[in-house]
Amino acid sequence: MSTRVDPILATVIENRLIAISTQMAETMLLTSRSLIFQVRDFVTGIFTASGQWVATKDYIPVLAGSLPSAYQAIADRFAGDIHDGDVFILNDVYHGNNHPPDVSILKPVFHEGVLRFWTVTKGHNADVGGGGVAGYNPYARDVWEDSLRIPPVRIYHKGVLQKDVWELILLNIPLRALVQSDFECQIGAAEVGAREVRALLDAFGPDQVQAAIDHFLLASRQHMEAELRKIPDGTYTAERFIDDGGAYHRAPVAFRLDLVKRDGEVTLDFRRSDPQVVGYANSTLANTIASSLIGIFGAVDPTLRRNSGSIAPIRVLTTPGTIAHAVEPAATTLCTLSACEAIIDSIWLALGTAAPEISNAGWCHSWSFGVSGRSERTGQPFAAFAFTGGGSGATAGFDGWDSIGTPVTMGGMRAADVEIHERGAPCTVIRHEYEIDSGGAGEWRGGLGSVTFWRVDQDDLRVVCYGSGGIEASAPFGLGGGAAARPSWARIHYADDRAEPVLINTIVKLNRGDVVEIHTAGGGGFGDPLRRDALEVAGDVRNGVVSEAAARDLYGVVLRPGTSEIDAEATASQRSRPTGVIREAVPA
């Protein structure tokens with residue numbers, strides 16, 4: 001570094017860049033139209049002209065982790081042909097994107113005639129063509145049935161909208177008005193970020209800003225290396241599954257990991273994973289890298305910044321043509337959910353072998369429903385998702401979070417406001433609450449899953465059921481003697497009084513009065529359930545978290561009939577029985 005750095009000033013500049021990313025995100029929240037953006041299914045970020053990732057607002061970490069590949073694709077495609085006022089767009093998974101609905105928009109930031117930074121927005125758009133519902137098509141056999149493909153293209157040139165490109169994209173999207181408004185939302189947020197970055201450069205000068213960036217990126221790398229050194233050196237393996245690959249591959253698919261830890265670096269080797277499938281569950285390389293980052297960042301100091309410095313000690317290896325590195329023309333839309341979750345699971349399971357005290361028990365996987373179309377009541381296009389939320393896995397010393405979502409979001413996504421959801425989409429939330437006994441038992445129990453009844457209020461609506469986590473092989477695992485959580489499941493109650501289970505990764509036609517019942521898994525437990533403090537178990541029963549039967553059969557805690565008072569003698573007897581006997585007596 002040629003410029004001497006004041007560490008305090010470097011911290012001020014770093015925090016200012018993060019604040020700008022947050023301001024971009026707030027702009028999107030305030031200007032978006034889709035219910036999907038309103039639950040924070042997007043991220044924002046800032047890169048230097050040389051490609052250093054310096055700041056992000058990562059509501060959805062799997063989107064954030066794929067920003068570097070999107071930046072690189074745009075920078076490479078338009079090298080030497082980038083101008084002030086340009087805006088670029090990208091969604092194609094074989095040109096740097098993660099999965100098709102997450103559309104990336106990038107804006108170069110010039111200062112005194114020199115390209116200095118890029119601002120980036122990326123979000124799950126309500127419709128990207130391809131015949132799916134809310135962006136998901138479980139019947140896609142290839143990338144063309146998955147979505148409209150948008151390679152790196154310029155939509156603004158020197159401040160002028162390229163109407164031909166704009167129309168070519170939007171004419172191929174059925175919910176045009178909704179998607180156009182969210183494209184404009186993303187572009188506007190990128191411009192807000194560019195304005196604030198220029199103000200930062202005015203205040204401190206390009207040299208001082210760059211010196212500060214070099215300083216804090218080095219600090220982030222050293223921080224990550226120090227965290228990785230806490231993990232014992234060695235090679236640790238894990239295998240995790242997704243339920244299936246979509247409508248044309250009705251069999252579990254395996255992600256296999258060899259985690260190699262050496263000093264302050266870690267290699268995540270997925271080369272033994274199953275071959276890619278005909279279906280939409282394949283993972284792109286960008287998605288596998290992004291998912292791997294979540295797995296590592298979920299097990300280290302949570303204050304560690306996500307940037308080019310902190311990700312430098314992490315290496316990801318894949319074999320092209322496998323489920324962890326799909327090659328064209330594979331479909332990939334589901335990868336940011338099911339594949340991402342299996343990748344994170346495998347990392348936490350491997351780390352649980354190496355250093356269980358820093359790892360997580362398994363989280364609930366995405367098991368959800370989406371609907372899109374045009375509302376008869378309002379005449380407006382809509383796209384929405386059912387209210388679902390599973391539990392997070394427990395960790396050493398802490399119970400899991402209840403109904404927090406999946407590890408894809410790490411708690412960043414929010415459930416939509418019920419009234420806004422019902423106003424925007426022809427659906428009613430009849431019931432949405434925690435489900436008793438849904439978390440895996442342990443010394444620290446898994447977070448609770450949820451039970452939801454979601455009614456359709458319009459005829460002939462296409463509803464997609466998508467995700468994973470409905471079989472034992474993909475259910476949230478326990479660690480350190482903790483129990484796994486039960487799988488997710490769902491069924492449809494038709495208006496004519498029929499009730500049928502739902503097959504995951506399908507599209508169904510529902511009519512007015514049909515109700516979808518959804519049970520999401522809780523998180524896995526950590527540690528032997530018999531070691532959980534009996535008073536904690538009694539409190540869980542009193543609070544409706546654990547049933548009396550589960551308290552007795554899984555935790556060995558016997559309560560006096562009709563109370564939450566502990567029967568000390570019966571509890572001592574129950575807890576002295578062989579562990580396997582107690583755990584086999586799982587309540588129905």
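Residues numbered from 1 in each chain as written. Predicted model: local features only at pLDDT ≥ 70, side-chain atom pairs only at ≥ 80, totals over all residues. Heavy atoms only, no water.

**Q** Looking at this structure, how should I read the pairing of strand β17 (residues 489-493)?
**A** The two faces of the sheet receive side chains in turn, since in a regular strand these alternate between them. What you see with β17 is a clean split: A490 and I492 sit on the buried side and W489, R491 and H493 on the side with no burial. Sheet topology places β17 next to strand β20 (residues 515-519); five bridges connect them, and they run antiparallel. The residue bridging H493 from the neighbouring strand is V515, located in β20. Judged from the three bridges that link them, β17 and strand β18 (residues 499-501) form a sheet pairing that is antiparallel. When the bridges of β18 are listed, I492 appears paired with E500. A loop of five residues connects β17 with β18, the two strands running antiparallel in sequence, and D497 in this loop sits at a positive phi of about 80 degrees. (Buried < 20%, exposed > 50% of the residue type's maximum accessible area, 1.4 Å probe, protein only. Helix = DSSP H or I, 4+ residues; strand = E, 2+ residues; numbered from the N terminus. Pairing = 2+ DSSP bridges.)

**Q** How do you make sense of the packing of aromatic side chains when you look at a structure like this?
**A** Any two aromatic rings considered together are summarised by their centre-to-centre distance and by the angle between their planes. Applying the stated criterion across every chain yields a total of 13 aromatic pairs. Each ring, one from F42 and one from Y59, has its centre 5.3 Å from the other, and the planes form 90 degrees; the classification is edge-to-face. You can see F42 sitting in strand β1 (residues 42-48) and its partner Y59 sitting in the loop between β2 (53-57) and α3 (61-64), a full 17 residues away along the chain. Arranged with centres 6.3 Å apart and planes meeting at 65 degrees, the rings of Y136 and F385 form a pair that is edge-to-face. Here Y136, found in the loop between β5 (114-124) and α5 (143-146), pairs with F385, found in strand β13 (residues 381-385); they are 249 residues apart in sequence, far enough to count as distant. Pair check on accessibility: Y136 and F385 agree, each one buried. Grouping aromatic residues by their ring pairs yields a cluster made of F47, W53, Y71, F78, F88 and W118. Sitting above the plane of the F78 ring, R77 keeps its charged end 4.6 Å from the centroid. Sitting over the face of the ring of Y494, R498 holds its NZ or CZ atom 4.1 Å from the ring centroid. (Phe/Tyr/Trp six-rings, centres within 6.5 Å; stacked < 30°, edge-to-face > 60°. Lys NZ or Arg CZ within 6 Å of the ring centre and 35° of its normal.)

**Q** When you look at the side chain of E517 in this model, what are you seeing that I'm missing?
**A** Relative to the helices and strands, E517 resides in strand β20. In terms of polar contacts, E517 uses its side chain to reach the side chain of H493, at 2.6 Å. Polar contacts involving the side chain of E517 include one to the side chain of H519, which spans 2.6 Å. Non-local contacts of E517, meaning those with residues more than four positions away in its chain, are made with T452, F453, W489, A490, R491 and H493. (Polar contact = N/O pair within 3.5 Å; in protein donor to acceptor, adjacent residues only side chain to side chain. Contact = heavy atoms within 4.5 Å.)

**Q** I would appreciate a short explanation of the pattern of salt bridges in the present structure.
**A** Side chains carrying opposite charge are able to pair once their charged atoms draw close together. Within the structure shown, the criterion is met by 37 salt bridges. Ionic pairing is found between R149 and E328, a salt bridge with its closest N-O pair at 3.0 Å. Of the two residues, R149 sits in the loop between α5 and β6 (153-157) while E328 sits in the loop between β11 (314-317) and α11 (338-354), which places them 179 residues apart along the sequence. Owing to a relative accessible area of 43%, E328 belongs among the partly exposed residues under this scheme. Between E536 and R532 there is a salt bridge whose closest N-O contact spans 3.9 Å. Taking the relative accessible area as the measure of exposure, E536 reaches 44% and is therefore partly exposed. Relative accessible area serves as the criterion here: at 3%, R532 is assigned to the buried category. (Salt bridge = Lys/Arg side-chain N within 4 Å of Asp/Glu carboxyl O.)

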